[in-house]
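Overview (structure and organization)
Below, each chain spelled out in residue letters.
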Amino acid sequence: TFPERVVQWNNLTLAAHARLAESTLLTAIGNFSTAVTASALGLGASATLPSQILAAAAGMRSRHRMDENAVLRVMLPNWVKDLLVSDVYRTQFQRFDMTADDFIRILRAGNVEPSFYIDGAAGAAQVFGTQTAGVLLPFPATVVWYLFPEGSFLYLDGGTLELGIVRDSVLNETNDYQIFGESFEAVAYVGVDAIKVTTTVCDNGTVSLPNDVNCPIVY
C-alpha cells in the first residue's frame with residue numbers, strides 16, 4: 001500500500017550491502033599489502049600527499065626495474081579531492097586555481113592512475129562520522145591509500161543469490177516484508193608489490209618557506 005516506502009527501504013538496503021562489500025574488498029587488499037606510514041611534514045595536504053604518492057611510485061618502479069611509463073594504480077578515499085581543494089583555498093597564492101581535475105592530472109603526469117573509493121577498510125576511519133549538534137566535522141585526520149602495479153589484484157565474482165521479497169502469514173498480518181540477497185566476492189593478489197600507506201593530513205594551507213641561497217653557491 002506504500003510502494004514509495006518499499007523502494008526507499010530497498011535502496012537503503014542495497015547501499016548498506018554495497019558499503020559492506022567495498023569495505024570487505026578494501027580490507028583484503030590492505031591485508032595483502034605492506035603497511036607503510038608516511039611522515040607528517042607539518043605542511044598542508046596539497047603540499048604533502050601528491051609528492052608522497054609520486055615518491056612511492058618512483059620507489060616501486062626502482063625496486064622492480066620497471067619502465068618509467070608503466071602505469072601504477074593508486075586508490076584514495078573520494079573525499080581526498082575536496083580535501084586538496086580546501087587546502088589550496090587556505091594558501092597564500094593561487095588560492096582558487098586548484099581543482100579535483102588538476103590533482104588527477106598531476107598524478108597521471110607521473111603515470112599513476114587514481115581510483116577513488118567511497119567507504120573504507122575495516123577500522124581505517126575513512127568515512128565521515130555522524131554530524132551532531134555543535135562543531136562541524138572536519139576532514140578525517142589520516143588518508144589511507146593503496147599503491148600497486150596495474151593488474152595486481154583480481155576481482156573474484158562468485159555470483160549472487162537473490163530471493164527478493166519474502167512474506168509469510170505472520171508478516172502479512174502486520175503488513176511487513178523481508179528481503180533476502182547474498183553476494184559472493186573476494187580479491188586475489190597476483191602481483192609482486194603492493195603498499196598500504198597511511199598519511200596524516202590537514203587542510204591548513206601551509207607550504208614550506210623559501211630558502212636563502214648565498215653566493216658563491218657550493219654544488
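These numbers come from a predicted model, not from an experiment.

So, about the layout of surface pockets. Computed from the structure, the largest pocket encloses a volume of approximately 240 Å³. Lining of the largest pocket is provided by 13 residues; of these, Thr13, Leu14, Glu162, Ile179 and Gly181 occupy positions nearest its centre. Contributing elements (two or more residues each) for the lining of the largest pocket: helix H1 (3-32), strand E5 (153-166) and strand E6 (178-189). Among the elements that take part in the lining of the largest pocket, E6 stands out by supplying five residues, more than any other. Each residue belonging to the lining of the largest pocket can be placed in one class, and the counts come to four nonpolar, seven polar and two charged.

For the rest of this paragraph, the subject is the sheet that holds strand E4 (residues 142-149). As summarised here, the arrangement of the five strands in space is E1-E7-E4-E2-E3, forming an open sheet in which the pairing is mixed. Either end of the sheet is taken by a strand with one partner, and the two such strands are strand E1 (34-38) and strand E3 (112-117). Ignoring which end each strand starts from, the neighbouring axes of this sheet average 25° apart. Sheet topology note: the strand E2 (residues 72-77)/E3 ladder contains six bridges and is parallel. Looking at the pairing, Met75 lines up with Ser115 of E3. The strands that H1 touches are E1, E2, E3, E4 and strand E7 (195-200); relative to E4, the one it contacts most, it runs at about 65°. Helix H2 (residues 45-63) rests against E1, E2, E3, E4 and E7 of the sheet, and its axis sits at about 25° to E4.

The N-to-C vectors of H2 and helix H3 (residues 80-89) enclose an angle of 135°; their axes lie 8 Å apart at closest approach. Overall, the two elements H2 and H3 adopt an arrangement that is oblique. Only Val80, Leu83, Leu84, Asp87 and Val88 of H3 make contact with H2, whose side of the interface consists of Ala45, Ser46, Ala47, Leu49 and Pro50. When the residues that make up the contact of H2 with H3 are grouped by side-chain class, the tally is eight nonpolar, one polar and one charged.

What follows is about H2. A rise of 1.5 Å per residue sets the reference length of H2, with its 19 residues, at 27 Å; its end C-alpha atoms lie 27 Å apart and thus fit the reference within 8%. Of all the positions in H2, only Ala45, Thr48, Leu49, Pro50, Gln52, Ile53, Ala56, Ala57, Met60 and Arg61 are classed as buried. The positive-phi residue at the C-terminal boundary of H2 is Arg65, with phi of around 50°.

Attention now goes to the confidence of the model for the chain. Per-chain confidence: the chain averages 90 in pLDDT, with 95% of residues scoring 70 or above. Ranking the elements of the chain by mean pLDDT puts helix H5 (residues 169-173) last, at 85, and E2 first, at 98.

Another aspect to go through is the pattern of salt bridges. Close approach of charged atoms lets side chains of opposite charge pair. Within the structure shown, the criterion is met by six salt bridges. As a salt-bridge pair, Asp203 and Arg90 come within 2.9 Å of each other at their nearest N and O atoms. Here the residue Asp203 occupies a position in the segment after E7, and Arg90 occupies one in the loop between H3 and helix H4 (100-109), the gap between them amounting to 113 residues. Put simply, Arg105 and Asp102 hold a salt bridge, and the shortest N to O gap is 2.7 Å.

One recurring pattern in soluble globular proteins is that nonpolar side chains are buried together. Counting residues in hydrophobic clusters, the biggest one holds 26 residues, and the most contacted among them are Ile53, Leu76, Val143, Trp145 and Leu147. At the level of elements, H2, E2, H3, H4, E4 and E7 are the ones that each hand at least two residues to this core. Ranked by residues supplied to this core, first place goes to H2 with six residues. Among all residues touching Ile53, those that are not within four sequence positions of it are Val74, Leu76, Phe103, Leu107, Val112, Trp145 and Leu147. Among the nonpolar cores identified, the runner-up in size contains 14 residues, and Leu25, Ala121, Val144 and Ala194 belong to it.

Definitions and cut-offs
- Sequence order as written defines the numbering, with residues in each chain counted from 1.
- Since the coordinates come from a predicted model, pLDDT governs what is reported: local features require at least 70, and pairs of side-chain atoms require 80 or more to be given and counted, while whole-chain, interface and lining totals use all residues.
- Where side-chain values are given, they derive from all heavy atoms of the structure, hydrogens and water being excluded.
- Lining residues are defined by having an atom within 4 Å of a point belonging to a cavity or pocket. Those points lie on a 1 Å grid over the protein atoms alone, cavities being sets where a 1.4 Å probe fits but cannot get out and pockets being open sets with protein on both sides within 12 Å along at least five of seven lines.
- Grid points are joined across faces, edges and corners, and a volume is the space filled by probe spheres set on the points.
- By definition, any uninterrupted DSSP run of H or I lasting at least four residues is a helix, any uninterrupted run of E lasting at least two residues is a strand, and each is numbered from the N terminus.
- Classes in brief: Ala, Val, Leu, Ile, Met, Phe, Trp, Tyr, Cys and Pro nonpolar; Asp, Glu, Lys and Arg charged; the others, Gly included, polar.
- Only strands that DSSP links by at least two bridges are regarded as paired with each other.
- Working convention: axes come from line fits to C-alpha atoms, limited for helices to the stretch in contact. Angles between N-to-C directions cover 0 to 180 degrees.
- Contacts were defined at the residue level, with two residues in contact if any of their heavy atoms lie within 4.5 Å.
- Note on terminology: angles under 35 degrees are roughly parallel, angles over 145 are roughly antiparallel, angles of 65 to 115 are roughly perpendicular, and the others are oblique.
- A helix is expected to reach a length of 1.5 Å times the quantity of its residues less one.
- When accessible area is computed with a 1.4 Å probe and restricted to protein chains, residues below 20% of their type maximum are described as buried, those above 50% as exposed, and intermediate ones as partly exposed.
- pLDDT: the predictor's confidence for each residue, scored from 0 to 100.
- Any Lys or Arg side-chain nitrogen found within 4 Å of a carboxyl oxygen on Asp or Glu counts as a salt bridge.
- For this analysis, a nonpolar core means a set of buried residues of the types Ala, Val, Leu, Ile, Met, Phe, Trp, Tyr and Cys, connected via side-chain atoms within 4.5 Å.

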